[in-house]
Amino acid sequence: MIAPLTQEQMLDLRQCLERGLPRVSRPYDALAEQIGAHHDQVLQQMQHWHEQGLFRRVGLVLNHRALGFVANAMLVLDVPDALVDNVGQRLGRAPGVNLCYQRPRRLPQWRYNLFCMVHGRERAVVEAHIETLLAEHLLNDLPHQVLFSTHAFKQCGGRFAPPPSQVWAHG
Amino acid sequence: MDERDRQLINRLQHGLPLVRQPWQSVAQELGCAPGEVLDRLHALLEDGVLTRFGPMFDIERVGGAFTLAALTVPEARFDAVAEQLNALPQVAHNYRREHAWNMWFVLACASPEELDATLSRIETLSGLTVLNLPKEHTYHVGLHFPV
């Protein structure tokens, strides 16, 4: 039985992790040392947070632009309320859709309630992919727009999970 | 960036195992030494190919608040308003998009109150009305970039 971390140690651990995982061979030992705990306690806490869904994975944030993913499209659709779950689930599962969210309409300025992010290396490919998606899911008749990004002013690594995008919406 | 870097990035997008020596298993999968994996990760972060490595906490599960918002910024003031927004630590992303709503940004705040205050602050700073579009339902989050 491994003793749980104290509340204070938990907060300290969260704060340490905001800077990312220490890049050493035994990162949880390094974290344990910083918060005055044992590495088993830190690992147990990490597993607990992971099971609770506080974080999905110990993973990375890509500078997608630096990697050539410069075509960043936000597809927005005006889906009747009764259909939005169905369409959202289908588009969310579709290949190439990185994020799919329902958001509120703001009439009269904004009518669209479903948002999908599609990224690629070339704009023409992303455009064609979106056309295919709309056709396959019989969504061409719904009011929709595709908003390409032309410049990223800020994309910080972020201390928190997306969005991204939301990055991409999240951004 | 070489083939091994690409393999490493693709592998790490799936996450690091929660074990005491996580780099050993990754190195084994990639067929190299754990030290080399760490050196490569370090270089990719230094070069700006990666912007972060570690767990990303779901801000809403820890009491925080997110939103996606937009502004219609007059062309002549576009860069100035972008600078105003980017100076705010709550602005996580800010993109110019081809639309009448031409500036799209994500706010990541420690609390719903901070989010409201930040939206008001942006309206005061810019003199513009914010289109606030917090998510109501998530159908899919899966940012994966095969490199």
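Residues numbered from 1 in each chain as written. Chains lettered and ligands numbered in written order. Predicted model: local features only at pLDDT ≥ 70, side-chain atom pairs only at ≥ 80, totals over all residues.

1. Quick word on the overall build of chain A
So, step 1. Tallying secondary structure elements over chain A gives five helices and five strands in all.
So, step 2. Along chain A, helices and strands appear, N-terminal first, in the series α-α-α-β-β-α-β-β-α-β.
So, step 3. Residues counted as buried form 39% of the 171 residues belonging to chain A. (Helix = DSSP H or I, 4+ residues; strand = E, 2+ residues; numbered from the N terminus. Buried ≥ 20, exposed ≤ 12 C-beta atoms within 10 Å, placed from the backbone.)

2. Let's talk about the overall build of chain B
So, step 1. When helices and strands are counted, chain B shows five helices and six strands.
So, step 2. Counting from the amino terminus, helix and strand elements in chain B follow one another as α-α-α-β-β-α-β-β-α-β-β.
So, step 3. Computed over its C-alpha atoms, the radius of gyration of chain B comes to 19 Å, more than 25% above the 15 Å expected for a compact globule of 147 residues.
So, step 4. In terms of principal-axis extent, the alpha carbons of chain B reach across some 55 × 35 × 25 Å.
So, step 5. Looking at chain B as a whole, 33% of its 147 residues qualify as buried.
So, step 6. Looking at chain B alone, contacts between residues at least 24 apart form 54% of all its contacts between residues at least 6 apart. (Rg over C-alpha atoms; globule rule 2.2 N^0.38 Å. Contact = placed C-beta atoms within 7 Å.)

3. Re unusual backbone geometry
Residues and elements named next belong to chain A.
So, step 1. Of note, the amide linkage connecting L107 to P108 takes the cis form, showing an omega dihedral of 5°.
So, step 2. Looking at the element boundaries, P108 is found in the loop between strand 3 (97–102) and strand 4 (114–120).
So, step 3. In the Ramachandran plot, L138 falls in the positive-phi region, its phi being about 55° despite a non-glycine side chain.
So, step 4. As for its position among the elements, L138 is in the loop between helix 5 (123–136) and strand 5 (144–155).
So, step 5. Among the residues examined, L138 registers 10 C-beta atoms within 10 Å and is labelled exposed.

4. Some thoughts on the UniProt feature "domain: Siroheme decarboxylase AsnC-like ligand binding" (unreviewed entry) in chain B
So, step 1. Here the UniProt feature "domain: Siroheme decarboxylase AsnC-like ligand binding" (unreviewed entry) sits at residues 67–139 of chain B.
So, step 2. When the span residues 67–139 of chain B is considered, its composition is 33% helix and 34% strand, and the gap between its end C-alpha atoms is 16 Å. (UniProt positions renumbered as here; feature names shortened; annotations may be inferred.)

5. Re the confidence of the model for chain B
Residue and element names in this part refer to chain B.
So, step 1. In the predicted model, chain B carries a mean pLDDT of 92, and 97% of its residues have values of at least 70.
So, step 2. Considering each helix and strand of chain B separately, the mean pLDDT is smallest for strand 1 (residues 50–57), with a value of 88, and largest for strand 5 (residues 131–133), with 98.
So, step 3. Per the prediction output, this complex has pTM 0.79; the corresponding ipTM is 0.80. (pLDDT = per-residue confidence, 0-100.)

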